Amino acid sequence: MRRRAPGARRRRPSDREPVRMSRDLRATLFLPTTDFPMKADLPVREPRILERWQRLDLWARLREQARGRPKFVLHDGPPYANGHLHMGTALNKILKDVINRSRQMLGFDANYVPGWDCHGLPIEWQVEQDYRRKGRDKDAVPIVAFRAECRAYAEHWIGVQSAEFQRLGVAGDWQRPYTTMAFEAEAGIFRELAKFLLSGQLYRGKKSVMWSVVEKTALADAEVEYHDHTSTTIWVRFPIVASPIASLHGASVVIWTTTPWTIPGNRAVAYGERIAYRLIEVETVRDGSLARAGERLLLATERLAETADTAGILTFATLDELDGAALAGSVCRHPLAGLEGAYGFPVPLLPGSFVTTEQGTGLVHVAPSHGEDDFELGRKHGLEVPDTVADDGTYTAAAPGFTGLHVFKAAEPVIAALVERGALLARGTLVHSYPHSWRSKAPLIFRATDQWFIPMDGPSGLRAKALAAIEATRFVPAKGKNRLRGMIETRPDWCISRQRAWGVPIAVFVDKRTGEPLRDPEVCERIARAFEEEGADAWWTRDPQEFLGDRYRKEDFEKVDDILDVWFESGSTHAIVLERRADLAWPADLYLEGSDQHRGWFHSSLLESCGTRGRAPYDCVLTHGFVVDAKGEKMSKSKGNVISPLDLMKTHGADILRLWVVSADYSEDIRIGKEILEGLGESYRRLRNTLRYLLANLAGFRPEERLEPAAMPELERWVLHRLHELGRLVVECNESFDYVRLYGAILNFCTVDLSALYFDVRKDALYCDAADSPRRRAARTVLDILFDCLTAWLAPVLVFTAEEAWLARHPGEGESVHLRLFPELPESWRDPELAARWERIRAIRRVITGALEIERKEKRIGASLQAAPVVYLPRPEDRAALAGVDLAELAITSGIEIVAEPPPAGAFTLEDVPEVAVVPRLAAGSKCVRCWQILPEVASSPESLCRRCTAVVERHAARAGAA
RNA sequence: GGGCCCGUAGCUCAGCCGGUCAGAGCGCACCCCUGAUAAGGGUGAGGUCGGCCGUUCGAUUCGGCCCGGGCCCA
């Protein structure tokens with residue numbers, strides 16, 4: 001029993017008061033009823049809904065229904081067919097799905113064909129691991145057999161991932177996805193390559209790659225292990241023979257290297273443009289030092305002390321100080337110049353962004369055959385890339401004085417030669433991390449090898465075309481444009497060859513006499529046909545003469561055995577999927593991937609398409625950030641902060657995961673963690689309960705109940721206005737791909753406008769009014785509209801829940817919320833004047849609830865129906881605003897008195913609602929046992945009913961009697 | 001180490017071109033309801049707008065540096 005508030009003179013109407021009910025009043029009420037459960041139980045319910053969709057073949061129905069509508073093509077960036085889904089792939093596919101479903105419901109034909117990237121090293125590597133476990137030797141297996149195993153491996157993971165994506169609720173053509181290893185895809189990819197070949201955009205050049213002299217093969221980054229290695233280090237003089245700077249004449253630059261064997265391959269020296277250098281003259285040296293008093297040396301100021309110490313230079317004088325940029329145009333002599341009459345070429349000083357002052361001398365010896373940086377710098381400045389080392393690690397004739405020597409045994413001979421020519425300044429040893437082969441564990445070298453390239457700045461002007469295409473493309477968010485542009489501007493020629501097995505071959509013949517690739521459309525066509533028939537294996541299984549036909553003899557040609565870079569393959573998917581399939585279209589409306597794909601798929605697709613078609617394969621590129629943990633740090637096994645979408649599916653359900661996707665700003669990194677998931681659960685429950693309230697109060701709704709908006713109370717018209725606003729937001733936000741804004745607005749609408757206001761206020765009319773009361777009919781009409789709108793708007797995100805709710809009302813066999821369109825809302829619902837007025841009305845309501853809250857705290861009231869406050873509204877326009885509004889109904893009080901006069905002292909006010917004051921007052925009368933309002937009229941009712949309830953109950957009794 | 005990007009209440013997000021209180025929802029606290037009930041309503045407390053230094057009459061909003069984080073290179 002609650003204690004009565006001290007000083008309360010009037011006896012509080014109490015709920016505990018025994019009420020004599022002569023009839024079962026509850027039977028006369030329209031209490032909410034529905035089978036739609038409050039508890040979602042998504043992990044159990046979602047799979048059932050999924051099965052139903054499959055039974056219905058919902059996808060086929062969607063396609064059927066959308067036939068002839070304008071197409072919306074989101075071209076799927078193919079995930080790699082290896083391993084289970086992680087949060088990143090889940091985010092990506094869900095975002096795509098939300099967009100596709102939204103476009104479909106906006107009236108487009110949003111066909112979505114998912115794809116997989118199948119070729120490439122990771123799978124090859126896995127299969128090879130398997131071999132090793134079983135003690136088999138990959139090199140002993142025929143390439144075609146090896147490829148078959150790779151194919152089977154990819155096939156397996158496509159099946160796994162497909163099921164996992166579908167479990168996420170992702171809709172798409174899962175029966176006919178695309179894969180890069182399908183025969184027609186392999187043929188199509190080759191056809192794209194042939195376009196580059198035939199248009200002269202393919203050349204063979206040299207590139208420095210990681211090479212194992214033991215296995216005699218190039219290695220990819222993933223096959224490289226880093227171990228400590230002790231290297232002989234040397235400091236070498238390069239005499240300056242020409243320079244715009246007079247003080248440098250007769251001086252030497254000093255370089256430092258950990259690979260003496262690369263000296264014969266030297267072709268330049270790199271400096272840092274922003275590094276400070278100093279020209280010194282050696283004065284005194286330690287005994288045994290290779291430095292000479294009087295000689296002049298150039299090196300980075302920052303490296304001076306340490307180098308002098310190492311070289312045994314005791315004292316020196318500074319002759320000059322200069323910025324790196326000043327070194328441009330200077331030329332040195334090779335330190336081995338004259339050896340066997342060779343090395344006489346000039347060695348230019350070139351600016352290199354990779355030069356640092358952390359180690360060495362701030363001057364880097366550049367051997368284009370033996371390093372990535374070296375190679376790129378050489379390419380940029382047209383340096384020769386000498387073939388100094390053979391595949392077995394021995395020097396070729398291009399390294400005079402050392403030919404035949406193995407590079408791993410070359411340090412001492414090279415040093416001896418340098419000493420002999422007075423070029424060596426100092427030597428030492430260094431233990432450092434050095435690349436080794438994962439197979440043989442032998443140290444690796446960089447070696448110049450033959451590779452195939454697509455030129456960026458050749459006659460076709462690929463770079464310029466790509467840059468122009470970027471300008472013509474919409475980027476969401478806009479910053480993606482700069483990122484991609486920056487990469488295209490500076491990237492080197494595209495090296496598309498790999499010395500691997502699992503991929504599409506660079507099916508090219510090279511003329512043995514000229515070294516030029518054979519450019520013959522007929523030959524290319526014969527190859528493509530063969531690939532279509534039996535896959536790219538044909539390149540290895542068929543007799544080359546079959547491809548060459550009658551006009552060429554295979555003896556005259558070298559058959560290239562390299563395969564294509566997988567980025568060329570995925571970069572070609574726009575051609576092999578969008579152009580080939582009649583149910584799609586080229587170019588794509590949208591490419592959507594993580595921000596790493598600026599370097600990857602966005603990039604390769606752009607180049608491929610610009611090279612073959614002169615424009616981008618997409619009109620719009622959308623990028624999202626990466627999934628990180630609750631603290632914003634990347635997930636990793638070692639940190640133990642990895643969250644799996646598959647686990648979340650079991651604990652929370654796909655709809656929660658999907659809600660997560662639209663609740664976060666995907667343009668930046670997206671966090672996920674326990675607290676975030678709990679928050680999403682709250683949001684989900686709010687949405688679910690909103691749907692449940694609608695369903696429960698729409699029980700037995702018949703179309704005849706409907707009322708025209710014009711005949712509705714203002715409260716209903718205000719809800720319709722809000723719906724119209726949201727309807728516009730749906731279109732707007734889909735246009736801008738702004739789902740946070742949209743779903744934030746919908747959630748707010750459900751919380752603030754519906755739950756806290758409309759639903760709460762209308763419970764009285766819905767439960768207690770007569771079935772045919774205009775007020776109740778209006779409310780039910782609006783609930784029906786709300787249900788239509790909300791289920792549609794939520795359908796792209798809460799694919800399962802929206803379906804469950806829809807079926808709860810429309811249980812037809814073939815029914816699905818996903819077969820609907822977003823409702824078109826009449827312009828007549830828009831009423832800004834009413835909306836503005838209701839802003840004020842809600843502010844007035846806030847003053848009332850605020851005043852009642854104090855009464856509650858003071859224990860003078862409990863339920864708001866116990867009050868009938870006095871509201872002071874001195875402003876005439878405020879009183880006018882309330883003309884057609886029942887303020888007591890709105891505030892859920894049993895009565896209200898509006899007074900035009902200024903309020904008495906002590907009346908309740910709110911700072912931000914001027915000219916509104918409330919004096920709380922208890923409602924007079926007795927409590928109606930049916931609707932719980934406290935009204936004077938109830939006192940005179942023998943049954944303790946208000947007038948409204950009396951009428952309803954009597955009619956109910958009459959009907960019951962008649963029946 | 002380089003390029004690009006990010007850092008607003010416990011959480012997720014708003015805050016246009018610099019100048020009236022830095023807002024919303026959720027969570028939290030307290031209260032109420034018990035005919036949306038493992039629901040619902042009300043009220044309230046939470047922010048050095050990452051830090052420092054500048055530009056300015058004035059900066060969360062501009063510039064620089066630092067710290068933390070991410071992607072891509074090296």
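As a reminder, the structure under discussion sits directly above these lines.
Residues numbered from 1 in each chain as written. Chains lettered and ligands numbered in written order. Predicted model: local features only at pLDDT ≥ 70, side-chain atom pairs only at ≥ 80, totals over all residues. Heavy atoms only, no water.

## A short note on helix H3 (residues 87-105)
Now for step 1: Helix length check: H3, at 19 residues, gives a terminal C-alpha distance of 27 Å against a target of 27 Å (1.5 Å per residue), a fit within 8%.
Now for step 2: Taken across its 19 residues, H3 has 18 buried, putting it largely inside the fold.
Now for step 3: Directly beyond the C-terminal end of H3, a positive phi value near 110 degrees is found at Gly-107. (Helix = DSSP H or I, 4+ residues; strand = E, 2+ residues; numbered from the N terminus. Expected span 1.5 Å × (residues − 1). Buried < 20%, exposed > 50% of the residue type's maximum accessible area, 1.4 Å probe, protein only.)

## Overview of the environment of Ala-891
Now for step 1: Positionally, Ala-891 belongs in helix H27 (residues 887-891).
Now for step 2: The exposure class of Ala-891 is buried, given its relative accessible area of 5%.
Now for step 3: Ala-891 sits 50 residues away from Ser-941 along the chain, and the two C-alpha atoms are 25 Å apart.

## Topic: the sheet that holds strand S24 (residues 620-624)
Now for step 1: The strand order S1-S23-S24-S17 describes an open sheet built from four strands, whose pairing is parallel. Each of the sheet's edge strands pairs with one partner strand only, and the pair in question is strand S1 (74-75) and strand S17 (474-476).
Now for step 2: Relative to strand S23 (residues 590-594), S1 is paired through two bridges, and the arrangement is parallel. Residue pairing across strands places Leu-74 opposite Leu-590, the latter belonging to S23.
Now for step 3: Its contacts with the sheet put H3 on S1, S23 and S24, and the angle it makes with S23 is roughly 155 degrees. (Pairing = 2+ DSSP bridges. Contact = heavy atoms within 4.5 Å. Axes fitted to C-alpha atoms, helices over the stretch in contact; angles between N-to-C directions.)

## A look at the protein's contact with RNA strand B
Now for step 1: Surrounding RNA strand B, one finds 52 residues, the nearest of these being Gly-632, Ser-663, Arg-692, Tyr-767 and Lys-859.
Now for step 2: At the protein interface, 81% of the atoms of RNA strand B within 4 Å belong to sugar or phosphate.
Now for step 3: In this structure, a phosphate oxygen belonging to RNA strand B sits 3.4 Å away from a side-chain N or O atom of Lys-763.
Now for step 4: Measuring from a phosphate oxygen of RNA strand B, one finds a side-chain N or O atom of Tyr-767 at 2.7 Å.
Now for step 5: Those elements that place two or more of their residues in the surface near RNA strand B are helix H11 (479-490), helix H20 (674-697), helix H22 (739-768) and helix H25 (832-857).
Now for step 6: Looking at the surface near RNA strand B, the element that brings in the most residues is H22, giving 10 residues.
Now for step 7: Here the residues of the surface near RNA strand B are counted per class, giving 17 nonpolar, nine polar and 26 charged. (Near = heavy atom within 4 Å. Polar contact = N/O pair within 3.5 Å; in protein donor to acceptor, adjacent residues only side chain to side chain. Nonpolar A, V, L, I, M, F, W, Y, C, P; charged D, E, K, R; others polar.)

## Here's the deal with unusual backbone geometry
Leaving glycine aside, a negative phi is the common case for residues, and trans is the common case for peptide bonds.
Now for step 1: Pro-477 follows Val-476 through a cis peptide bond whose omega is -5 degrees.
Now for step 2: Structurally, Pro-477 can be placed in the loop between S17 and H11.
Now for step 3: With an omega of -5 degrees, the peptide bond running from Trp-586 to Pro-587 counts as cis.
Now for step 4: Among the structural elements, Pro-587 can be located in the loop between helix H16 (573-579) and S23.
Now for step 5: Of note in this structure, Glu-915 is not a glycine but carries a positive phi near 65 degrees.

## Looking at the side chain of Arg-463
Now for step 1: Its location among the elements puts Arg-463 in helix H10 (residues 462-471).
Now for step 2: Ignoring sequence-local partners within four residues, the contact set of Arg-463 consists of Met-456, Asp-457, Ile-488, Glu-489, Thr-490 and Arg-491.

## Observations concerning the nonpolar core
Now for step 1: Counting 162 residues, the largest nonpolar core has Trp-660, Leu-723, Tyr-758, Leu-786 and Trp-793 as the members making the most contacts within it.
Now for step 2: Ranked by residue count, the leading element in this core is H22, at 15 residues.
Now for step 3: Among residues more than four places away in sequence, those in contact with Leu-786 are Leu-694, Val-719, Leu-723, Phe-749, Leu-754, Tyr-758 and Phe-759.
Now for step 4: Counting residues in each nonpolar core, the second largest holds 63 residues, with Leu-202, Ala-507, Leu-564 and Val-577 among its members. (Core = buried A, V, L, I, M, F, W, Y, C linked by side-chain atoms within 4.5 Å.)

## What to know about the sheet that holds strand S18 (residues 494-495)
Now for step 1: Spatially, the four strands line up as an open sheet ordered S5-S4-S16-S18, and their pairing is antiparallel. Whereas interior strands pair on both sides, the edge strands pair on one side only; in this sheet they are strand S5 (217-218) and S18.
Now for step 2: For strand S4 (residues 203-212) and strand S16 (residues 445-454), the ladder comprises nine bridges, and the chain directions are antiparallel. Paired with Lys-206 across the strands is Asp-450, a residue of S16.
Now for step 3: Against the sheet, helix H8 (residues 372-381) touches S4 and S16, its axis set at about 165 degrees to S4.

## Digging into empty space enclosed by the protein
Now for step 1: In total, this model carries four cavities of 30 Å³ or more according to the counting rule given.
Now for step 2: Its boundaries defined by the atoms lining it, the largest cavity holds a volume of some 100 Å³.
Now for step 3: Trp-59, Leu-62, Arg-63, Asp-97, Asn-100, Arg-101, Gln-104, Met-105, Ala-110, Tyr-112, Ala-171 and His-818 together form the lining of the largest cavity.
Now for step 4: Residue assignment for the lining of the largest cavity shows that the elements contributing at least two residues are helix H2 (58-66) and H3.
Now for step 5: In terms of residue count, the dominant contributor to the lining of the largest cavity is H3 (five residues). (1 Å grid on protein atoms, 1.4 Å probe; cavity = no way out; pocket = protein on both sides within 12 Å on 5 of 7 lines; lining within 4 Å. Points joined across faces, edges and corners; volume = space filled by probe spheres on them.)

## Details of the packing of aromatic side chains
Now for step 1: Applying the stated criterion across every chain yields a total of 23 aromatic pairs.
Now for step 2: An angle of 40 degrees between the planes, with centres 6.4 Å apart, marks the rings of Trp-116 and Phe-165 as tilted. Pair noted here: Trp-116 is in strand S2 (residues 115-116) and Phe-165 is in helix H5 (residues 143-167), with a separation of 49 residues, a long-range link. When sorted by exposure, Trp-116 lands in the same class as Phe-165, which is buried.
Now for step 3: An angle of 20 degrees between the planes, with centres 5.9 Å apart, marks the rings of Trp-718 and Trp-838 as stacked. With a gap of 120 residues between them, Trp-718 in helix H21 (residues 714-735) and Trp-838 in helix H25 connect regions that are remote in the sequence.
Now for step 4: The buried category is assigned to Trp-838, whose relative accessible area is 2%.
Now for step 5: In this structure an aromatic cluster arises from ring pairing among Phe-509, Trp-539, Phe-547, Tyr-552 and Phe-557.
Now for step 6: Arg-63 extends its terminal NZ or CZ atom over the ring of Trp-59, reaching a point 4.5 Å from the ring centre. (Phe/Tyr/Trp six-rings, centres within 6.5 Å; stacked < 30°, edge-to-face > 60°. Lys NZ or Arg CZ within 6 Å of the ring centre and 35° of its normal.)

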